[in-house]
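Each chain, written out:
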Amino acid sequence: MMMNSTLSYFILSTYIHVGTMKYLYFMITALLYFVIIIANSSLIVLICLNRSLHEPMYLFLCSLFVNELYGSTGLFPFLLVQILSDIHTVSVPFCFLQIFSLYTYANVEFCNLAIMSYDRYLAICYPLQYNTRMTSNKAILFISAIWLYSFVKFLITLSLNIRLPLCGNTINSLYCHNYLVVKLACSDTKVNNIYGLFGVVLTIVVPLLPILFSYMKILKVCFSGSKQTRQKAVSTCTPHLVSLLNFSFGCCFEILQSRFDMTSVPSVLRIILSLYFLLIQPLLTPVMYGLQMSKIRQTCKHVLCYKMLTGFSDTV
């Protein structure tokens, strides 16, 4: 029997032997991580340095971009090391640290998308009262509350799981997964499972309520409003809806994969889908909002034009 008092590492069993192809996979993964860092960091700097973007909507976006960096950093450096390694193991403390970072990332993402939907509801349904109902100070307060709530909520989960005696150390995943670690426990995990399901409800269902409420109200205004109102709603809500649906799909598959037998699904497809919400979302978010939000596009153009002009004047 292997207890967690003596357990020093976990084995990640999903990795498959690919020989020298691992160097190609390493380069592709490193390139994806580099693109995520550049895309999200650029938009964070753009919002922070331009006073015209110091509005609630862009502050929420900034929080979203920071979260994409946070979540991808919880996975990519670890993934790069594992791709090059012949023995796919991870120390127990680092495994729990990764679990904490990835699960808080998911919670912050859903909560951030929920508060952004409420912000769009106020902007579209109450345009004249928007500046008084949603100020920059309120936005900062909401963002702080989202991050604090996500960290505290999962700290409780983690404190319950760390104390479990474990009878095995093999995790059927590419990275550390909370439920898969709990399944290795020797003792009764009823409390962990109940709080785990409660945590899923808090993470997904609770943020879903303001999202559904907001979009029901937005649709009502769109159907009864003018063509200009409908166009404004579509342009501002499209990137938000795409991000929400994409992230929800990735998370749903990851929950299903961890709790049900997925051996009938081809291993390569399982690997791709298990990484989906941690790969696609950090790439999709800056692209969707960077291209769709006209004010961000215009600010980018102004910054690029200014740099080109100053660069040209320096060479003359």
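As shown above, the structure is provided for reference.
Residues numbered from 1 in each chain as written. Predicted model: local features only at pLDDT ≥ 70, side-chain atom pairs only at ≥ 80, totals over all residues. Heavy atoms only, no water.

Visitor: So what about the overall build of the protein? Which residues, and what values?
Guide: Secondary structure summary: the protein contains 10 helices and 3 strands in total. Helices (α) and strands (β) of the protein occur, in sequence order from the N terminus, as β-α-α-β-α-α-α-β-α-α-α-α-α. Taken over 316 residues, the protein has a buried fraction of 47%. Taking the contacts inside the protein whose residues are at least 6 apart along the sequence as the reference set, 81% of them involve residues at least 24 apart. (Helix = DSSP H or I, 4+ residues; strand = E, 2+ residues; numbered from the N terminus. Buried < 20%, exposed > 50% of the residue type's maximum accessible area, 1.4 Å probe, protein only. Contact = heavy atoms within 4.5 Å.)

Visitor: Please set out the pattern of salt bridges residue by residue, giving values where relevant.
Guide: On inspection of all chains with the given rule, the structure shows 2 salt bridges. In this structure, K22 and D86 form a salt bridge, with 3.3 Å as the shortest nitrogen-oxygen distance. Highlighted residues: K22 in helix α1 (residues 21-49) and D86 in the loop between α2 (56-84) and β2 (89-91), separated in sequence by 64 residues. In this structure D86 comes out as exposed when scored by relative accessible area, which is 63%. D119 is the partner of R120 in a salt bridge, and the nearest nitrogen-oxygen pair spans 2.8 Å. With respect to class, R120 is no different from D119; both count as buried. (Salt bridge = Lys/Arg side-chain N within 4 Å of Asp/Glu carboxyl O.)

Visitor: Outline the layout of surface pockets, listing residues and values.
Guide: Estimates place the volume of the largest pocket at around 670 Å³. The wall of the largest pocket is formed by 22 residues, among which Y25, I83, L174, I271 and L275 lie closest to the centre. Of all elements in the fold, only α1, α2 and α9 (267-292) reach the threshold of two or more residues within the lining of the largest pocket. Here the lining of the largest pocket is built from residues that sort into 14 nonpolar, 6 polar and 2 charged. (1 Å grid on protein atoms, 1.4 Å probe; cavity = no way out; pocket = protein on both sides within 12 Å on 5 of 7 lines; lining within 4 Å. Points joined across faces, edges and corners; volume = space filled by probe spheres on them. Nonpolar A, V, L, I, M, F, W, Y, C, P; charged D, E, K, R; others polar.)

Visitor: Please provide a residue-by-residue account of the state of the cysteines, values included.
Guide: Under the defined criterion, the tally for this structure stands at 2 disulfides. There is a disulfide in this structure between C95 and C176, and the S-S distance comes to 2.1 Å. On the sign convention where negative is left-handed, the bridge of C95 and C176, at about -130° about the S-S bond, is left-handed. Pair noted here: C95 is in helix α3 (residues 92-125) and C176 is in the loop between β3 (170-171) and α6 (178-182), with a separation of 81 residues, a long-range link. Residue C95 is classed as buried on the basis of its relative accessible area of 0%. (Disulfide = S-S within 2.5 Å.)

Visitor: Can you tell me about the packing of helix α5 (residues 136-162) against helix α7 (residues 190-224), naming the residues and giving the values?
Guide: As a packed pair, α5 and α7 sit with axes 10 Å apart at the nearest point and diverge in direction by 165°. Considering their axes alone, α5 and α7 lie roughly antiparallel with respect to each other. Both α5 and α7 take part in a crossing whose hand is left-handed. Along the contact surface, α5 presents Y149, K153, I156, T157, L160 and N161, while α7 presents V191, N192, Y195, G199, L202 and T203. (Axes fitted to C-alpha atoms, helices over the stretch in contact; angles between N-to-C directions. Parallel < 35°, antiparallel > 145°, perpendicular 65-115°, else oblique. Left-handed = near helix turned anticlockwise from the far one by under 90°.)

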